[in-house]
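# Fold and geometry: a report
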Amino acid sequence: AKREGRNRVEVFTAAMGAALVDRARMTADLAQAIENDELRMVYQPLVDTGRGIVIGAEALMRWQSPTRGNVRPDEFIPIAEESGQIIELGDWAIRQVVQQAVEWDVTGRDLKIGVNVSGLQLRPAFVETVRDLLAQSGLEPARLILELTESGLVDDDHRISLIGLLRDLGVTVAIDDFGTGYSSLSYLRRLPIDILKIDRSFINELHDQRNAAVAKTIIDLTRTLSLDCVAEGIETEEQLSQLQALGCQSVQGYLFAKPMEAQELMAFVAGFGAT
Ligand code: C2E
Ligand code: CA
Ligand code: CA
Ligand code: CA
């Protein structure tokens, strides 16, 4: 039994070693990615089901690597967070998104654009970057939605105060993946935010009464706190009508559209609802 135990330890160590090498390689590849133009943002429409129109889009990062092919953000974002590269990636992303939003301005549709922001990006320099970008671009600040996840916010007064500074700039702040982290109501009350986004994991299984109850609780909570509600990951008509019944009007999901290239979005917006 002792021997078995030792072998198991050796196997585990080898697997860990391999994972470390993988991560180191990905970090090196990621370092090339920005420089070599391997990254781009795609945009998933945000629909107001009450008005039947597209009111915005969420920008999502894509990495087309010459050696790895398409790498999922679920894979490379955590690595970038660990290596610190998320700062550079995040700055690049928000620049792209603001520039894109200004280009779309000529259509006069005033779309809101959401961008994911890692908790690690919440530093004074980021507030400066956002301030400068808004000033240079002339973008109406409220149209920029910063999507932050709960992790990294709880009990971190420094970050909470930085969110306050961002909000003072006039940008819209959303808590992403709401319900999956360690939220407590007392901390939520202290957060200077505008939107709660219900995570896809609850929408996925809305037919399960307990998930439906969580979704309802979040939606009720947004009303109590005078926040807006956005639900992500809507794939079926049934989920859509359930959410509408619960009072959540702003939705995104494959039912309407998958994330698309920037140049496709305007046609989608114009054609939406025209059936
Ligand atoms: P997220 O912010 O929760 O984004 C929603 C994810 O759900 C996206 O996956 C989107 O493509 C996917 N999705 C939307 N609607 C549906 C649907 O109806 N069905 C299904 N199955 N999926 C749907 P994606 O693009 O792979 O991004 C995964 C995560 O990676 C994001 O989750 C976000 O946490 C992170 N991420 C993506 N881009 C960025 C970025 O620029 N910066 C940072 N910090 N994180 C990013
Ligand atoms: Ca998001
Ligand atoms: Ca999510
Ligand atoms: Ca997320």
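Structure's up top.
Residues numbered from 1 in each chain as written. Chains lettered and ligands numbered in written order. Predicted model: local features only at pLDDT ≥ 70, side-chain atom pairs only at ≥ 80, totals over all residues. Heavy atoms only, no water.

## Observations regarding the layout of surface pockets
Reported here for the largest pocket is a volume of approximately 1300 Å³. Glu58, Leu60, Pro73, Asp74 and Asn116 are, among the 46 residues lining the largest pocket, the residues nearest its centre. Of all the elements, strand S2 (residues 53–65) adds the most residues to the lining of the largest pocket, at six residues. Each residue belonging to the lining of the largest pocket can be placed in one class, and the counts come to 17 nonpolar, 16 polar and 13 charged. Of the volumes computed, that of the second largest pocket is approximately 330 Å³. Taken together, 19 residues form the lining of the second largest pocket, with Ile55, Asp228, Cys229, Val230 and Ser250 sitting closest to its centre. At the level of secondary structure, the elements contributing two or more residues to the lining of the second largest pocket comprise strand S1 (39–48), helix H8 (209–224) and strand S8 (228–232). Residues belonging to the lining of the second largest pocket are distributed by class as follows: nine nonpolar, five polar and five charged. (1 Å grid on protein atoms, 1.4 Å probe; cavity = no way out; pocket = protein on both sides within 12 Å on 5 of 7 lines; lining within 4 Å. Points joined across faces, edges and corners; volume = space filled by probe spheres on them. Helix = DSSP H or I, 4+ residues; strand = E, 2+ residues; numbered from the N terminus. Nonpolar A, V, L, I, M, F, W, Y, C, P; charged D, E, K, R; others polar.)

## A short note on unusual backbone geometry
Residue Asp37 is not a glycine yet carries a positive backbone phi of 65°. Structurally, the position occupied by Asp37 is in the loop between helix H1 (2–35) and S1. With a phi angle near 50°, Asp177 is a residue other than glycine that sits in the positive phi range. Summarising the element assignment, Asp177 is placed in strand S6 (residues 172–178). On the accessibility criterion, Asp177 (24% relative accessible area) is partly exposed. (Buried < 20%, exposed > 50% of the residue type's maximum accessible area, 1.4 Å probe, protein only.)

## Digging into the site of ligand 1
The immediate surroundings of ligand 1 are formed by 22 residues, with Met61, Arg62, Asn116, Glu235 and Tyr254 found nearest. Taking Asp177, its side chain carries an N or O atom lying 3.2 Å from an oxygen atom of ligand 1. Within the side chain of Arg200, a nitrogen or oxygen atom sits 3.1 Å from a nitrogen atom of ligand 1. Among the cavities detected, the one that contains ligand 1 is the largest pocket. Contributions of two or more residues to the shell around ligand 1 are made by S1, S2, helix H2 (73–83) and S6. Element by element, the count of residues in the shell around ligand 1 is highest for S2, at four residues. A per-class count over the shell around ligand 1 returns nine nonpolar, five polar and eight charged. (Near = heavy atom within 4 Å. Polar contact = N/O pair within 3.5 Å; in protein donor to acceptor, adjacent residues only side chain to side chain. Sits in = over half its atoms within 2 Å of the grid points.)

## Quick notes on the coordination of the calcium ion (ligand 3)
Every protein donor of the calcium ion (ligand 3) is listed here as Asp177 (OD), Asp199 (OD) and Glu232 (OE), and their distances to the metal cover 2.0 to 2.4 Å. The metal-metal distance between the calcium ion (ligand 3) and the calcium ion (ligand 2) is 5.7 Å. One end of the pair, Asp177, is in strand S6; the other, Glu232, is in strand S8, with 55 residues separating them in the sequence. (Donors = N, O, S within 2.8 Å, 3.2 Å for Na, K, Ca; no water.)

## Some remarks on empty space enclosed by the protein
All chains considered together, the criterion is met by two cavities of 30 Å³ or more. Of the volumes computed, that of the largest cavity is approximately 80 Å³. Considering the residues around the largest cavity, the lining is formed by 13 residues, among which Leu46, Ile145, Glu147, Lys197 and Gln252 are closest to the centre. Residue assignment for the lining of the largest cavity shows that the elements contributing at least two residues are S2, strand S4 (112–117), strand S5 (144–149) and strand S7 (195–198). Here the element with the most residues in the lining of the largest cavity is S4; it accounts for three residues. Here the residues of the lining of the largest cavity sort into seven nonpolar, two polar and four charged. One number sums up the size of the second largest cavity: a volume of about 40 Å³.

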